[in-house]
Structures are given as structure tokens and as C-alpha cells.
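Working through the structure, step by step
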Amino acid sequence: MKTTEGNNGATMTITANDVKNLIKKKDDIEEQIKAYYDVLDDQGVGEEGSLVDAEGFPRSDVNLYQIRTARHNISCLQNDHKAIMVDIEDALHKLHAREKSKHEQDECQQAEAMEQDGPRPSPFARVDGVTQGSPACRAGIRVGDEVIEFGSVNTGNFQNLANIASVVQHSEGKPLRVSVIRDDKPTQMSLTPQKWSGRGLLGCNIVPIPSGDS
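The structure reproduced in this document is the subject of the present report. Just so you know, these numbers come straight off a predicted model, no measurement behind them.

We now examine the packing of aromatic side chains. Given two aromatic rings, one states the distance between the centres and the angle between the planes to describe the pair. In this structure the tally under the stated criterion is one aromatic pair. Relative to F158, the ring of F124 has its centre 4.5 Å away and its plane inclined at 25°; by these criteria the two rings are stacked. Of the two residues, F124 is situated in the loop between α2 (64-116) and β3 (125-130) and F158 in the loop between β5 (153-154) and α4 (161-169); the sequence distance between them amounts to 34 residues. A relative accessible area of 4% places F124 in the buried class.

Take a look at the structure:
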């Protein structure tokens, strides 16, 4: 767990190792609870079994101290278990939020780098359909994206859609860098062509942009 300085002083940054440590503590607690339940099972009373005989006297056939200790510890450990499950859920939420923020920052930096590299290339194709759950959908491709780079195909060497089809067929299972213009800003994504429940390897429809339309 790393400490960072924020507007309100020091704040804690959750890491993947922090989550692993919390899960290990949870597992340890569960092992301890199981061990105490084994004690109760050995005594033959369980968690709710009576500790007095028919006449209301303490039973002499069981270890009363051991049973009471096990039941008390189980109760305490169950409270600890509930608390650490809340901690794990909170840590996972913070970790995912941090990773999402980092991903967005990376995309922003990539877009800025593309803008600084020189004049923006003209798009040669447009996405006019994306199927939900497809590889293209999972990669973040949207309807209306204007393609300026698709793997090795770019504005300078694009001739027709067969160029893209060839790249896709030869890249099944391999990530391709796809650069598009979205909302008048360059955006980069990683698209892996692969078989899925629908047709083809992408799950999106791409149409060429006639010269002079971009």
C-alpha cells in the first residue's frame, strides 16, 4: 500500500499486492474458523448443542472450556471475516478505478503524441457497424470511428478493403494497433481478431471513405 500526497494530505494507494495480502488474511481466518468447527465436531456438540444435561447440570462428557473457547473464537472470527470481505471489496473497487484512470491517461497521452508527431493523416475508412460482444466491441471501437491506421494498413498504402481483410486473416489471435479519429480527436486501440459467437473475426463493418470525403 503506497502513500501519495493529495489535496487533503497523505492518501493510501491500493496495489495488487495489497489485495493479495487481504485475500491471504481472509483465507487464514477461514482456516481458523474451520479448525474451531472441527473442535466442536470432535466434542459432538456443534455450534448450538446444549452444554447441560437433562437435569440442568454442566455436562461431564465433554470439555466445556474447549467448547466455549471454540464458540467464542468462531464468533469473533466471523466478525473479522465480514470486515475483511468489506476491505477486499473496497480495495478491488479502488484498484479497478485506478487502473481505469491510468488507461484513460495513457490513451490521452497517446492521442497527444499522435497530434505532436505532425499533420494528422486523412482517414481512409469508416466504421458503420459494431456488434455487441464482438472483438471490435471489446476493443472499444465505435460506430462513426474514422480509421487512419489498421495494423500495417495506413492512409499512405490503403487501396481497398481487401488490404484490411488480409491483415485480419494473417493476425488471428494477435493484437493489432488501430488508430481512428473520434470526435475530431485521434484515438488508439488494440484489436485482436479472433473467432467469437458471430461472423468473421472482428464483429464490425468497415466501409471505405471516397477520396475527398474525409
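Moving on from the model shown.
Another point: the pattern of salt bridges. Taken as a whole and assessed by the stated rule, the structure comprises ten salt bridges. Between K24 and D28 there is a salt bridge whose closest N-O contact spans 3.3 Å. Highlighted residues: K24 and D28, both in helix α1 (residues 16-43), separated by four residues, approximately one helical turn. The network of salt bridges with shared partners includes K26, D27 and E30.

What follows deals with empty space enclosed by the protein. This model, assessed by the stated rule, comprises one cavity of 30 Å³ or more. Size it by volume and the largest cavity reaches roughly 40 Å³. Surrounding the largest cavity, V127, I141, V147, F150, V178, V180, L191, C204 and I206 form its lining. Looking at the lining of the largest cavity, the elements that each hand over two or more residues are β4 (146-150), β6 (176-182) and β8 (204-208). Residue composition of the lining of the largest cavity, by class: nine nonpolar, no polar and no charged.

Conventions used here
Residues numbered from 1 in each chain as written. Predicted model: local features only at pLDDT ≥ 70, side-chain atom pairs only at ≥ 80, totals over all residues. Heavy atoms only, no water. Phe/Tyr/Trp six-rings, centres within 6.5 Å; stacked < 30°, edge-to-face > 60°. Helix = DSSP H or I, 4+ residues; strand = E, 2+ residues; numbered from the N terminus. Buried < 20%, exposed > 50% of the residue type's maximum accessible area, 1.4 Å probe, protein only. Salt bridge = Lys/Arg side-chain N within 4 Å of Asp/Glu carboxyl O. 1 Å grid on protein atoms, 1.4 Å probe; cavity = no way out; pocket = protein on both sides within 12 Å on 5 of 7 lines; lining within 4 Å. Points joined across faces, edges and corners; volume = space filled by probe spheres on them. Nonpolar A, V, L, I, M, F, W, Y, C, P; charged D, E, K, R; others polar.

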